There are 2 protein chains.
Amino acid sequence: MTAEREASPRVRLNRDRVLLAAVSLADAIGIEALSMRRLAQELGVVPMALYKHVANKEELLDGMVEVIIAKIGPDESDAEWKPAVRRRVLSARHALARHPWARRVIESRTTQTPAVLSYMDSFAGMFLTGGFSADLAHHVMHALGGRMWGFTQELFVDPAATAEPVAGPPEARAALMEQMAAHYPHIAAIAASSAHDGATVVGQGCDDQFEFEFALDLLLDGFERLHREQWTSGISGPSRATPVAAD
Amino acid sequence: MTAEREASPRVRLNRDRVLLAAVSLADAIGIEALSMRRLAQELGVVPMALYKHVANKEELLDGMVEVIIAKIGPDESDAEWKPAVRRRVLSARHALARHPWARRVIESRTTQTPAVLSYMDSFAGMFLTGGFSADLAHHVMHALGGRMWGFTQELFVDPAATAEPVAGPPEARAALMEQMAAHYPHIAAIAASSAHDGATVVGQGCDDQFEFEFALDLLLDGFERLHREQWTSGISGPSRATPVAAD
DNA sequence: ACCTGAACACCGTTCAAGT
DNA sequence: ACCTGAACACCGTTCAAGT
């Protein structure tokens, strides 16, 4: 499933071939298993050959992020800011969906590459063009944060893996559920109301896309309200803004 | 700065001593430099000695998170839900502030430990006690997400490290600023309005605490509105909720 | 200009042995 | 019951050499 590329010995490496191979290798074996040595092997080359095309592993990761960003699709900020922002966020979410490692890698990068900066700039542009003050646009970009990339602010990462994985018989699972309910009554209450199957607490049976859009729209609505009310940071804090002339 | 602990040879290891040493070692040298071997050395012990007290490195990390959670301080949900949630989030933020590695570690854990689950349960409890339906409480927990721990959904991680670090003369920095403005005009516009010093774009001069509370209050206000309007997920999406009888 | 080989200073973890 | 030593199968990266 992973050694199908480059049986032919002489194809000449270049930066793009290295980056593309790294992306699909990470897709296949996971980011934690992606090593310079493993990637070199995949490309039929000695580990040190890679260092002619990327300075080090950090730069490899930066390059991989660039490859992903290129797939997000262009800015179409001609429309109103709100649907424009919404559309672009969801398109990023779509582009990153098949690269589960991308989130972790993007968040680990400290020095922003041009690709990252211009992606962020497109959001700043949508807000400013939409009539936001630079002040509000600034805070709103922070509030959006990683959601700009379509990241959920994950909490319930692996739906299946709550407490110990229960491989045992069904009655053991049921016993665990009772224990959970005893120890974490409120989570259990929430789970009971929304569980599509009763196997785990929160996380199982959640519609990720729904949860993402729920939070996104909550934020966008908040942005809209502050914009309408001509909020400025002089007052401090969204809820302490004095409404000016809403609707 | 880092080899001051345990010169005395025979103090007998135990799980707590291992975990506490791991936490302060991570504080000192960073999480990526924390290895089983390094930790063993810090404790004046051979690497394999640790494996009597933690099964492996994963369990070490889980234990370190438990140590941090223990510092968050108790749930005081007797008050109204909104200030109670707000207070607990900010108290988590405070507790985690001096352990910059904690965020990454918490997010990397897939199997939730009892300590993590009961922390989450305390939030579920505040919403339910505050009169939220299990349905709304569920989505609201997701929307809160990592902010429950006081995490910002970071984007501008390292304030100083935008593009290449400019060690050169001031005129080189100025030239870089102009380049930035040319390539990323919207970011530059925002930066110009809020820059306390003009050195970098967004990130520099931001008051992290302000940005955090801005987004938090935006969400809490949204939660309050949906609660007031008796929102249910049947309708789908906060902005598409039909207001029922607000105020 | 690009790739190779050998080496260095690290990892986490197993297994068999010591006290 | 707890700790040790040696070993295995890995890392990223440097340096000097090959074509």
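I will try to describe carefully the structure that is included in this document. Please read all numbers here as calculations on a predicted model, not as lab measurements.

## Section: the protein's contact with DNA strand C
Next, step 1: Neighbouring DNA strand C are 17 residues, the closest being Val46 and His53 of chain A together with Arg37, Met48 and Tyr51 of chain B.
Next, step 2: Backbone atoms, meaning sugar and phosphate, form 48% of the atoms of DNA strand C found within 4 Å of the protein.
Next, step 3: Within the side chain of Ser35 of chain B, an N or O atom sits 3.1 Å from a phosphate oxygen of DNA strand C.
Next, step 4: Within the side chain of Tyr51 of chain B, a nitrogen or oxygen atom sits 2.8 Å from a phosphate oxygen of DNA strand C.
Next, step 5: Of the residues contributing to the surface near DNA strand C, the split by class is eight nonpolar, three polar and six charged.

## Some thoughts on the packing of aromatic side chains
Working definition: an aromatic ring pair is given by the centre-to-centre distance plus the angle between the planes.
Next, step 1: All chains considered together, the criterion is met by 16 aromatic pairs over all chains.
Next, step 2: Taking 6.1 Å as the distance between ring centres and 80 degrees as the angle between the ring planes, the aromatic pair formed by Phe127 of chain B and Phe223 of chain B counts as edge-to-face. Of this pair, Phe127 of chain B sits in helix H6 (residues 114-129) while Phe223 of chain B is found in helix H10 (residues 208-228), placing the two residues 96 residues apart along the sequence.
Next, step 3: Classification of Phe127 of chain B by relative accessible area gives buried; the value is 0%.
Next, step 4: Residue Phe223 of chain B is classed as buried on the basis of its relative accessible area of 0%.
Next, step 5: Ring pairs connect the aromatic residues Trp81, Phe127, Phe132 and Phe223 of chain A, which therefore count as one cluster.

## Notes on the relation of the copies chain B and chain A
Next, step 1: Mapping chain B onto chain A calls for a rotation angle of 180 degrees and an axial translation of 0.0 Å; the resulting RMSD is 0.0 Å. Taken together, the rotation and translation relating the two chain copies correspond to the operation of a two-fold axis.

## Comments concerning the interface of chain B and chain A
Next, step 1: Listed as interface residues are 76 residues of chain B and, on the opposing side, 76 residues of chain A.
Next, step 2: Connecting chain B to chain A are four salt bridges.
Next, step 3: No other element matches the 13 residues that H10 of chain B contributes to the side of chain B that touches chain A.
Next, step 4: Looking at the side of chain B that touches chain A, its residues break down into 37 nonpolar, 23 polar and 16 charged.

The rules behind the values
- Residues numbered from 1 in each chain as written.
- Chains lettered and ligands numbered in written order.
- Predicted model: local features only at pLDDT ≥ 70, side-chain atom pairs only at ≥ 80, totals over all residues.
- Heavy atoms only, no water.
- Near = heavy atom within 4 Å.
- Polar contact = N/O pair within 3.5 Å; in protein donor to acceptor, adjacent residues only side chain to side chain.
- Nonpolar A, V, L, I, M, F, W, Y, C, P; charged D, E, K, R; others polar.
- Phe/Tyr/Trp six-rings, centres within 6.5 Å; stacked < 30°, edge-to-face > 60°.
- Helix = DSSP H or I, 4+ residues; strand = E, 2+ residues; numbered from the N terminus.
- Buried < 20%, exposed > 50% of the residue type's maximum accessible area, 1.4 Å probe, protein only.
- Least-squares fit on C-alpha atoms with pLDDT ≥ 70 in both.
- Contact = heavy atoms within 4.5 Å.
- Salt bridge = Lys/Arg side-chain N within 4 Å of Asp/Glu carboxyl O.

Note that every value here comes from positions in space, so none of it alone points to a role or purpose.
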